[in-house]
Amino acid sequence: MRGAAVSAPGAERAPLIAFDDVSLVYDGKVRALDGVSFAIERGEIVGLVGESGSGKTTLCRVLMGLLPASFGRIAIAGEPLAARLARDPLGFRRQAQMLKQEAVASLSPRMRIRALAEEPLKIHRLPMTEGRARLLRLLKRLGLPEATLDKFPHQVSGGQARRVAILRALVLEPEIIVADEPTAGLDVSVQGELLNLMRDLHEEFALTYLVVSHNLNVVRRLTDRTIVMYLGQIVEEAPTRALFEAPAHPYAAALLSTNPSVDPARRRERIILKGEIPSPVNPPSGCRFHTRCPQVAERCKIEMPELRETGSGRRVRCHFPLTESTGRTA
Amino acid sequence: MTDASPLVSIRKLTLDATTESGPAHILRGLDLEIGRGRILGVVGESGSGKSTLASALLRLLPSNVSRLDGEIRFDGIDLLALPANEMQAWRGVRIAMIFQDPMTALNPLFTVGTHMVDVLRRRFPELSRREALARSEAMLVKVGIADPHLRLKAYPHQLSGGMRQRVMIAMALSVEPDLLLADEPTTALDATVEAQIVALFDRLRQDFSGSIVFISHHLGLVAELCDDLCVMYGGAIVETGPVAEVLRAPRHPYTRALLDCEIEDGDEGRLATIPGEVPNPLSELTQCIFASRCAHTADICLERHPPLVAMGQGRQAACIRSAEVLPCEVLP
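It should be emphasised that the depicted structure is a prediction, and the values quoted were computed from it without experimental measurement.

This part covers the overall build of chain B. Secondary structure assignment for chain B yields 12 helices and 12 strands. Radius of gyration (C-alpha) of chain B: 21 Å, near the 20 Å computed for a compact globule of 332 residues. Along the first, second and third principal axes, the C-alpha set of chain B runs to 65 × 50 × 40 Å. Each of the 332 residues in chain B was classed as buried or not, and the buried ones make up 46%. For chain B, contacts bridging at least 24 residues in sequence account for 66% of all contacts bridging at least 6.

Rendered as structure tokens:
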């Protein structure tokens, strides 16, 4: 039963999620998001990487309608997000669900998991008998014992708390799952289990994922396509495999090179950047990355590069992108 | 190991803490050596006891610790037998520590200069304030801080996260400790800044003659930075040895399983996991600590927890079935 959303005209052709030149400006000067454009088709798994302050979480909140964009257009299945929220706010919340960063913190400590899991059904005034039956099926599917329902959030492990959060999201039969750091704070022995589960659920429930993570390994294993952000802008977007094989933006290259490997044969040459991500209050002129870029040129200090298509589904915001064969500037 | 005698030799280190549900066994009789001038990486999942091990080395323990037994011999002196005032004289002098979160480890009311002069003059009482400041400035340069003169006058909140961690490292190294404890020193940092700090550690070890204990949950990081490896599980050490050899051919099934969970370039298919839950710290050690999650558990594993035994040059593992389930490769 997926009919929660009433399709807008042309919705079948429009991408499920479309950002067109979206900016979010605080206090008239802090550009937390700066001209962000991308599209996500139904059934895709898209990863979003970048360091703190790059705008990843802000982007998720704007997509979820929790923060209003200052400029630009956001469309969900062809319908403007603002119109969709005005027309049918609960319907949109059923269509798009967010898994928050701190799974345990997002569960009220004073409610039992049964009440927490039934809460979405009540908020959305869904038939309880049917909803409860669905909850039990999902509980089983997520590998949670039925006894979990009678526990409080502090009585379950970190991995189980994530599953409860997923349970709360899936009981509404969403189309879109926005997962903000789904494995942060999880031990490596349970991280794989959660990623396998997320992969399976994607197939079984025909979901579309936007996965935010600072863990590059997670993004590489889970996603089809990756968006790299720096200081509120998209600097590179590419099929995940191609990006990890040969990043084209110098920042993406540096970020990917920091991924330590236990296998000496697979270790990359580390690219050590100077300094840290600058403040979005006073971003650098020209290319926002020029203050830290290893191959900065005069032009980069003056002129901001556009996010340009470079073929094979890749977009890069750099005057001198790295070539695939040499890793040097073209 | 270059010097035959280790800097620190830990024997049967046992630590219990009082909880509402009874005594929790946080460290279950650790035996460990820290070689001179070596970087020892301590890895393990949450609750494995790796941070408590660092706290025990400094004897900075929470008040609910009900039992602390065993020996920590530091150059022959048992730290656990020292009176409290003598132990205090070791902290920040022969043993220094870098904490995980540099924001909470620095006092927001004092400048970087005050922090650095304080630790320096405690360590070297003969230094004047001016000399200590000069030395601090030189140290900030060493850890890669630009405009050190200005930074000495800055308060912690005026520095970025990476800069604060550099200040912590400068403070710890300025006292020229014999042993530096670093508890997840890069976990709170962004990836590109983490890479900078790891490169800094790598560079600093050239002129630092002491030993380092580097605690991390990140196996890849430890593999790149450390000489030796200590793998902890449920408050016990399950394997130790030179890092490259342990990772190439682990002798304990838990180390093997942890390695399998790492996501590597080019891997395909489903991800490996370790089914089950970490052992309950309240339970007594009546069987192998890893038995409930191990893929190779046999009856013999349930009889008692096996001790760490030597398995090849400089290597130890606590697995009774090691030779059988993780057969040694024959080296060419």
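What follows concerns the interface of chain A and chain B. Taken together, the 28 residues of chain A in the interface contact 32 residues of chain B. Of all the secondary structure elements, the ones that give two or more residues to the side of chain A that touches chain B are helix H7 (188-204), helix H8 (216-222) and helix H10 (250-257) of chain A. Of the residues forming the side of chain A that touches chain B, the biggest block, 7 residues, is contributed by H7(A). The class makeup of the residues in the side of chain A that touches chain B is 9 nonpolar, 9 polar and 10 charged.

Okay, the nonpolar core next. As a rule of thumb, soluble globular proteins bury nonpolar side chains together. Within the largest apolar cluster, 186 residues are counted, with the highest numbers of intra-cluster contacts made by B:Val213, B:Phe214 and B:Val222. Ignoring anything within four residues of it in the chain, the contact list for B:Val222 reads B:Gly41, B:Val43, B:Phe214, B:Ser216, B:Leu229 and B:Val243.

Here we come to the sheet that holds strand S4 (residues 71-76) of chain A. Residue and element names in this part refer to chain A. Strand order in the open sheet formed by 4 strands is S2-S1-S4-S5, and the pairing between neighbours is antiparallel. The open sheet has two edge strands, strand S2 (30-40) and strand S5 (79-80), and neither has a second partner. Examined bridge by bridge, strand S1 (residues 17-26) and S4 share 5 bridges and lie antiparallel to one another. Looking across to S4, one finds that serine 23 is bridged to phenylalanine 71. Most of the contacts of helix H1 (residues 56-63) go to S2, to which it runs at about 65°, and overall it touches S1, S2 and S4.

Mean pLDDT over chain B works out to 91, with 97% of the residues at or above the 70 mark. Our summary of model confidence lists the complex with pTM equal to 0.87 and ipTM equal to 0.80.

The subject of this paragraph is the pairing of S4(A). Side-chain direction in a regular strand flips from residue to residue, so the side chains alternate between the two faces of the sheet. All names here are of chain A. Both S4 and S5 contribute to a ladder of 2 bridges, which runs antiparallel. Bridging across to S5, alanine 75 finds its partner in proline 80. The hairpin formed by S4 and S5 contains 2 residues between the paired strands, and alanine 77 there has a positive phi angle of roughly 50°.

Turning to the sheet that holds strand S12 (residues 315-316) of chain A, a few remarks are in order. The strand order across the open sheet formed by 8 strands is S6-S7-S8-S3-S9-S10-S12-S11 (chain A), and the pairing between neighbours is mixed. The sheet is open, and its two borders are formed by strand S6 (96-99) and strand S11 (308-309) of chain A, each paired with just one other strand.

All names here are of chain A. At a closest axis distance of 7 Å, the pairing of helix H4 (residues 113-123) and helix H6 (residues 158-170) adopts a crossing angle of 30°. With respect to H6, the axis of H4 lies roughly parallel. Contacts between H4 and H6 involve Ile113, Leu116, Ala117 and Pro120 from the former and Val164, Leu167 and Arg168 from the latter. Class assignment for the residues of the contact of H4 with H6 results in 6 nonpolar, no polar and 1 charged.

The next thing to look at is the pairing of strand S3 (residues 45-49) of chain A. Residue and element names in this part refer to chain A. The buried count for S3 comes to 5 of 5 residues, which makes it a mostly enclosed element. Judged by which residues are buried, S3 turns out to be covered on both faces: Ile45, Gly47 and Val49 on one side and Val46 and Leu48 on the other are all buried. Sheet topology places S3 next to strand S8 (residues 208-212); 4 bridges connect them, and they run parallel. Pairing of glycine 47 across the sheet is with valine 211, part of S8. Two elements, S3 and strand S9 (residues 225-230), share 4 bridges in a ladder whose sense is parallel. Bridging across to S9, leucine 48 finds its partner in isoleucine 227.

Definitions and cut-offs
Residues numbered from 1 in each chain as written. Chains lettered and ligands numbered in written order. Predicted model: local features only at pLDDT ≥ 70, side-chain atom pairs only at ≥ 80, totals over all residues. Helix = DSSP H or I, 4+ residues; strand = E, 2+ residues; numbered from the N terminus. Rg over C-alpha atoms; globule rule 2.2 N^0.38 Å. Buried ≥ 20, exposed ≤ 12 C-beta atoms within 10 Å, placed from the backbone. Contact = placed C-beta atoms within 7 Å. Nonpolar A, V, L, I, M, F, W, Y, C, P; charged D, E, K, R; others polar. Core = buried A, V, L, I, M, F, W, Y, C linked by C-beta atoms within 7 Å. Pairing = 2+ DSSP bridges. Axes fitted to C-alpha atoms, helices over the stretch in contact; angles between N-to-C directions. pLDDT = per-residue confidence, 0-100. Parallel < 35°, antiparallel > 145°, perpendicular 65-115°, else oblique.

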